[in-house]
Amino acid sequence: MIPISRRHFLASLAGATALASYQPIRKSTWAQMANPKPLSFPANFMWGCATAAYQIEGAVNEDGRKPSIWDTFSHTPGKTHNGDTGDIADDSYHLYKEDVKLLRNLGAKCYRFSISWSRIFPDGTGQPNPKGLDYYQRVVDELLNNEIVPYITLFHWDLPQALPGGWQSRDTCKAFADYAAYVTARLSDRVHHFFTINEFGCFTDDGYETGEFAPGLKLAPGEVNQVRHHGVLAHGMAVRAIRARAKSGTEIGLAQNATIFVPVIETAEHIEAARRATREENAPFLTAVLEGKYRDSYLQREGENAPKVKAGDMEIIGSPLDFVGLNVYDPAYARSDSSPQGYAIEDFQTSFPHMASPWLRIGPEGIYWAVRLVSEMWKSRALYITENGCSADDVVNHEGRIEDTDRVMFLRSYLTQLHRAASEGYPIKGYFLWSLLDNFEWADGYSKRFGIHYVDYKTQRRIPKLSAEWYREVIAKNAVE
Ligand code: GBH
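What you are looking at is a predicted structure, and each value in this text was computed from that prediction instead of being measured.

Caption draft 1: Fine view of the pairing of strand E3 (residues 110–114). The element E3 is largely enclosed, with a buried count of five among its five residues. Inspection of the sheet shows strand E2 (residues 46–50) paired to E3 by three bridges, in the parallel sense. Across the sheet, Ala-50 pairs through a bridge with Arg-112, a residue of E3. As paired elements, E3 and strand E4 (residues 149–155) share five bridges and run parallel to each other. Pairing of Tyr-111 across the sheet is with Pro-150, part of E4.

Below, the structure is given as structure tokens:
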């Protein structure tokens, strides 16, 4: 991934000009529309599922693991739904072979899972714990034996509790880079794709500003911006540490739930507004990472609360990537207006439809615009959808089945829009469905189910839902029908 040059960026701002340079590779013709074909994806498209360590593994006290901030947080009364914790979760620490079997039955080509930093370095830094790495070696063995390509996330929010100051401390960035280098040096002979960090805002803003996620703090704006800065700095330092230590051929990216704006109407002016909004509203995270710079407008807006940046930080943050991973769930909409920034963000009507999680509004076009706007603005050579999926009120019916037609509707709509992006020639390489199986949904505990396999938490039995059958068809045909 090449950071955008100023010239390219200015060209992308020129709107119509930039659009003209993106000629669709294949255009649907009237003949095709009269004789519709399945929505086929490019050859070798990587279909997979995603999970995260704390959400599925359980076994929190096993083989030398020490607590992460999510252990502490979930065990603090009142922090999660029903006081739920990840102590047992899906017990995937013991049942990983069964979970790989689920992937195999789907025909999945790849699996995105995360490593628990606390298993590898139980104190965050210092002495590594070899038994921790052994577990992930076994998972990788099992995947490769089943011809499933592993994609590893190094940080999915479960920060070792022992690190003093957590993400408030700049030392945590160095600790993360050391941990990333240690893991990739040992796994990169067999694992070729690594994501540094999952979703900056969820462990920075939600952890340190609203306090809804671990570590549950409510800091002042300047402190929050510093935490955010440490997040992107840790990413950049890890990118460099991995490149220095991993085997050649290792590809590095990140998985970010950027706020992507859908133009309210597909006219040149609203598309331009969506582009501007996406660049501006992601200023502390994706924009900084892909441009190696905080936008002046962001720094001015934050004023004395702006992050304290040391010489060289921005260059590290902007370290070139091999691919960009985007987690896509609920949409945002922008329209053109006459304000200096050139866009306005739409409010949602109360009737806007959502899935079982109230925040999860249904906006399939968001996945198309995510791929298109990120490739247009930042000239990404490769993109993945690193998460997409939804919660639904799944019940096991009298025949023992879970007929989650609402989830199938959701997935089909989003994949139809992803197909549009692929067919217009944007470099989308793969798609990871969130999630392989129901799991610990953070502050919502076990009250929200995102899996395409149902988990009976009393018995740990996994049952494929209708959506799993549907996804298996998609993968087999490499097409959405
Ligand atoms: C992703 O987060 C995560 O990567 C994954 O671990 C998670 O299980 C999955 O998506 C499904 O949630 O209730 O209005 O305060 C998505 C980011 C962060 C979006 C918390 C919803 C709460 C909004 N989520 N946020 S609200």
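Caption draft 2: Molecular detail of helix H8 (residues 130–145). For H8, built from 16 residues, the straight-helix expectation of 22 Å at 1.5 Å per residue is met to within 8% by its first-to-last C-alpha distance of 22 Å. Within the sequence span of H8, burial applies to Gly-132, Leu-133, Tyr-135, Tyr-136, Val-139, Val-140, Glu-142 and Leu-143. Buried residues in H8 make contact with helix H4 (53–56), helix H6 (92–106), E3, helix H7 (117–120), E4 and helix H9 (171–187). Backbone geometry just downstream of H8 places Glu-147 in the positive-phi region, at approximately 60°.

Caption draft 3: Broad picture of the nonpolar core. Within the largest apolar cluster, 151 residues are counted, with the highest numbers of intra-cluster contacts made by Tyr-431 and Tyr-471. Take this core: its biggest share by element is nine residues, from helix H16 (residues 365–378). Apart from the residues lying within four places of it in its own chain, the contact partners of Tyr-431 are Phe-45, Met-46, Trp-47, Gly-48, Ile-367, Ile-385, Asn-388, Leu-411, Leu-415, Leu-418 and Tyr-471.

Caption draft 4: Seen up close, the sheet that holds strand E9 (residues 332–335). Here we have three strands laid out as an open sheet, ordered E7-E9-E10, and mixed in their pairing. The strands lining the two open edges of the sheet, one partner per strand, are strand E7 (261–263) and strand E10 (344–345). The strands touched by helix H12 (residues 268–281) within the sheet are E7, E9 and E10, with E7 carrying the most contacts at an inclination of about 170°. H16 contacts E7 and E9 of the sheet and is inclined by roughly 100° relative to E7.

Reading the values: rules and limits
Sequence order as written defines residue numbering, which begins from 1 separately in each chain. Only residues with pLDDT of 70 or above have their local features reported here, since the model is predicted, and side-chain atom pairs are shown and tallied only from 80 upward, although totals for entire chains, interfaces and linings are computed over all residues. Heavy atoms from the whole structure form the basis of all side-chain values; hydrogens and water molecules are not counted. Here's how the labels work: a residue is buried when its accessible area is under 20% of the maximum for its type, exposed when over 50%, partly exposed in between, all with a 1.4 Å probe on protein chains only. Each helix corresponds to a stretch of at least 4 residues labelled H or I by DSSP, and each strand to a stretch of at least 2 residues labelled E; elements are numbered beginning at the N terminus. Note on pairing: DSSP must find at least two bridges between two strands before they are called paired. To estimate the expected span of a helix, subtract one from its residue number and multiply by 1.5 Å. Any two residues having at least one pair of non-hydrogen atoms within 4.5 Å are treated as being in contact. For the purposes of this section, nonpolar cores are sets of buried Ala, Val, Leu, Ile, Met, Phe, Trp, Tyr and Cys residues that join through side-chain atoms within 4.5 Å. Orientation is described by lines fitted to C-alpha atoms, with helices fitted over the stretch in contact, and by angles between N-to-C directions that extend from 0 to 180 degrees.

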